[in-house]
Amino acid sequence: MILTVTLNPAIDVTYRVAGLAVGETVRVADVRSRAGGKGVNVAAVVRQLGSESVVLALTGRDEPDEFRAGLDRLGLAHRLVPALPAVRRTVAVVEDDGVTTSLQERGPAVAAGTRDEVVAAFRAELAAGVDAVVVSGSVPPGLGDEVPARLVELCAESGIPVIADVSGAALRAAVPVGAVLLPNRDELAELAGKRLHEPGEIAAAGRRLVRDGAAAVVATLGEEGVLAVTADHEFLVRPVEKVVGNPTGAGDAAAAALARHLARPGLSEVDWPAALADVVATSAAAVLRPVAGEVDLEARAGWLDALAVKETA
Ligand SMILES: Nc1ncnc2c1ncn2[C@@H]1O[C@H](COP(=O)(O)OP(=O)(O)OP(=O)(O)O)[C@@H](O)[C@H]1O
Ligand SMILES: [Mg+2]
């Protein structure tokens with residue numbers, strides 16, 4: 001069972017339009033909406049890969065709860081903390097030529113006391129039996145950027161492997177407490193306080209974080225694949241091919257694949273080359289799908305067979 005945590009959920013709305021003209025009235029040809037937030041995407045991919053998942057998320061206080069209904073439509077098990085005045089929306093406007101403009105609400109502030117409710121719900125899920133945890137995405141205003149790190153600590157106390165796919169202050173706070181970190185290049189650069197170009201620079205930044213307490217660092221480098229630093233090794237894994245498609249949610253697919261490998265043997269026994277090949281194949285297979293939270297299983301299987309994992313140190 002893999003538990004994913006979404007502190008800043010969203011309703012993801014996709015508008016299809018012939019063309020987007022700024023300052024004009026634009027007719028919407030088709031509208032879809034879906035429960036979103038990074039942890040929701042992770043849980044959906046985990047399930048698609050054949051493992052069980054459960055979503056722990058904040059949601060709106062008002063009924064009917066559109067976010068809950070959206071999770072039910074996706075068939076995802078969930079434990080929800082109703083603490084938000086409303087669930088934010090993200091709006092992706094997709095033009096006929098594929099150009100996409102994305103509008104992202106930051107989300108409303110949470111009610112006082114929400115932090116304690118989140119921790120209590122998280123403890124209850126851990127007690128119910130969880131093999132790995134993924135804490136993903138942003139933290140809503142008012143909750144506290146230290147909350148992801150607090151959840152990581154609770155996992156560490158129970159010996160449960162945990163991935164922190166968070167950014168900014170929340171990522172900084174999560175470094176010393178023993179999570180597997182999954183930053184993209186920009187998030188790692190922000191943490192390192194400098195731009196990172198060469199694999200050597202990325203590896204050095206990763207080594208520093210492991211020295212400071214991270215269990216491992218898996219840096220995702222978009223179409224260049226991943227560079228991972230563990231306690232004893234470094235690996236560079238390139239995709240078999242560059243994929244053209246929708247890269248939104250590729251990082252979430254990476255988290256889903258990695259969580260399944262951390263779950264089986266526990267952190268000390270992870271087969272890193274196998275895990276990283278899966279991460280790269282699965283995340284590239286997510287780019288082929290037009291929506292986040294899905295992967296192309298056939299492409300993933302082909303790439304898994306073809307991937308070469310290079311140990312660099
Ligand atoms: N064009 C691509 N072709 C092949 N693989 C890709 C491509 N884009 C991304 N990937 C794979 O997906 C992984 C995650 O992508 P990226 O580094 O962009 O994550 P991210 O910025 O966290 O994404 P998001 O937060 O939108 O999910 C990469 O490490 C890589 O393995
Ligand atoms: Mg990401």
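Above this note sits the structure.
The rules behind each value
Residues numbered from 1 in each chain as written. Chains lettered and ligands numbered in written order. Predicted model: local features only at pLDDT ≥ 70, side-chain atom pairs only at ≥ 80, totals over all residues. Pairing = 2+ DSSP bridges. Helix = DSSP H or I, 4+ residues; strand = E, 2+ residues; numbered from the N terminus. Contact = placed C-beta atoms within 7 Å. Axes fitted to C-alpha atoms, helices over the stretch in contact; angles between N-to-C directions. Near = placed C-beta within 6 Å. Nonpolar A, V, L, I, M, F, W, Y, C, P; charged D, E, K, R; others polar. Buried ≥ 20, exposed ≤ 12 C-beta atoms within 10 Å, placed from the backbone. Right-handed = clockwise from strand over helix to strand, strands pointing away. Core = buried A, V, L, I, M, F, W, Y, C linked by C-beta atoms within 7 Å.

*Asks:* Mind showing me how you'd approach the sheet that holds strand β8 (residues 132–136) here?
*Replies:* Within a sheet, neighbouring strands are paired by backbone hydrogen bonds and run either parallel or antiparallel to one another. An order of β5-β4-β1-β8-β9-β10-β11-β12-β13-β14 is seen for the 10 strands of this open sheet, with the pairing classed as mixed. Because the sheet does not close on itself, it has two edges, and the strands there are β5 (77–84) and β14 (310–311). Of the pairings in the sheet, the one linking strand β10 (residues 180–181) to strand β11 (residues 216–220) comprises 2 bridges and is parallel in character. Residue pairing for β11: Val-180 is matched across the bridge by Ala-216. Most of the contacts of helix α1 (residues 38–48) go to strand β1 (residues 2–6), to which it runs at about 160°, and overall it touches β1, β4 (53–60), β8 and β9 (162–165).

*Asks:* I tried to follow the site of ligand 1 on my own but got confused; where do I start?
*Replies:* Every one of the 21 residues lining ligand 1 counts as a neighbour, but Asn-184, Thr-220, Ala-250, Gly-251 and Ser-283 are closest to it. By residue class, the composition of the shell around ligand 1 is 10 nonpolar, 8 polar and 3 charged.

*Asks:* How should I be thinking about the pairing of β4 in this particular structure?
*Replies:* On a regular strand, each side chain points to the face opposite its neighbour's, so the side chains alternate between the two faces of the sheet. In terms of burial, β4 is a largely internal element, 7 of the 8 residues being buried. Here β1 pairs with β4 via 5 bridges, running parallel. If you follow Leu-3 over to β4, its bridge partner there is Val-54. Of the strand pairs in this sheet, β4 and β5 are connected by 7 bridges, and their pairing is parallel. Bridge pairing in β5 links Leu-58 to Val-81. Handedness of the β-α-β unit built from β4, helix α2 (residues 66–74) and β5 comes out right-handed.

*Asks:* I keep staring at the nonpolar core and nothing clicks. Help me out?
*Replies:* Soluble globular proteins: nonpolar side chains tend toward being buried together. If you look at the biggest cluster of nonpolar residues, it comprises 98 residues, and the most contacted ones within it are Val-162, Ala-174, Ala-179 and Leu-258. Among the elements that take part in this core, helix α9 (residues 272–287) stands out by supplying 11 residues, more than any other. When sequence neighbours within four positions are dropped, the list of residues in contact with Val-162 reads Ala-132, Val-133, Val-135, Val-152, Cys-155, Ala-179 and Val-180.

*Asks:* Before we go on, may I ask you to explain the environment of Phe-67 in this structure?
*Replies:* Structurally, the position occupied by Phe-67 is in helix α2. Spatially, the C-alpha atom of Phe-67 lies 36 Å from that of Val-210, the residues being 143 residues apart in sequence. Every residue in contact with Phe-67, bar those within four places of it in the chain, is listed here: Pro-9, Ile-11, Ala-35, Thr-59, Gly-60 and Val-87.

*Asks:* Is there a simple way to explain the pairing of β1 in this structure?
*Replies:* In terms of burial, β1 is a largely internal element, 5 of the 5 residues being buried. Residue alternation in β1 divides its side chains into two sets, Ile-2, Thr-4 and Thr-6 and Leu-3 and Val-5, and both sets are buried. Bridging between β1 and β8 involves 5 bridges; their strand directions are parallel. Following the sheet pairing, Val-5 is matched in β8 by Val-135.

*Asks:* What's the story with the sheet that holds strand β6 (residues 88–95) in this structure? I'm lost.
*Replies:* Reading across the sheet, the 4 strands line up as β3-β2-β6-β7 and stay open at both edges, with mixed pairing between neighbours. One side of each edge strand has no neighbouring strand; the edge strands of this open sheet are β3 (30–36) and β7 (100–104). Taking the axes of each pair of neighbouring strands and ignoring which way they run, one obtains an average angle of 15° across the sheet. The sheet contact formed by strand β2 (residues 10–17) and β3 spans 7 bridges and is antiparallel. Across the sheet, Thr-14 pairs through a bridge with Arg-32, a residue of β3.

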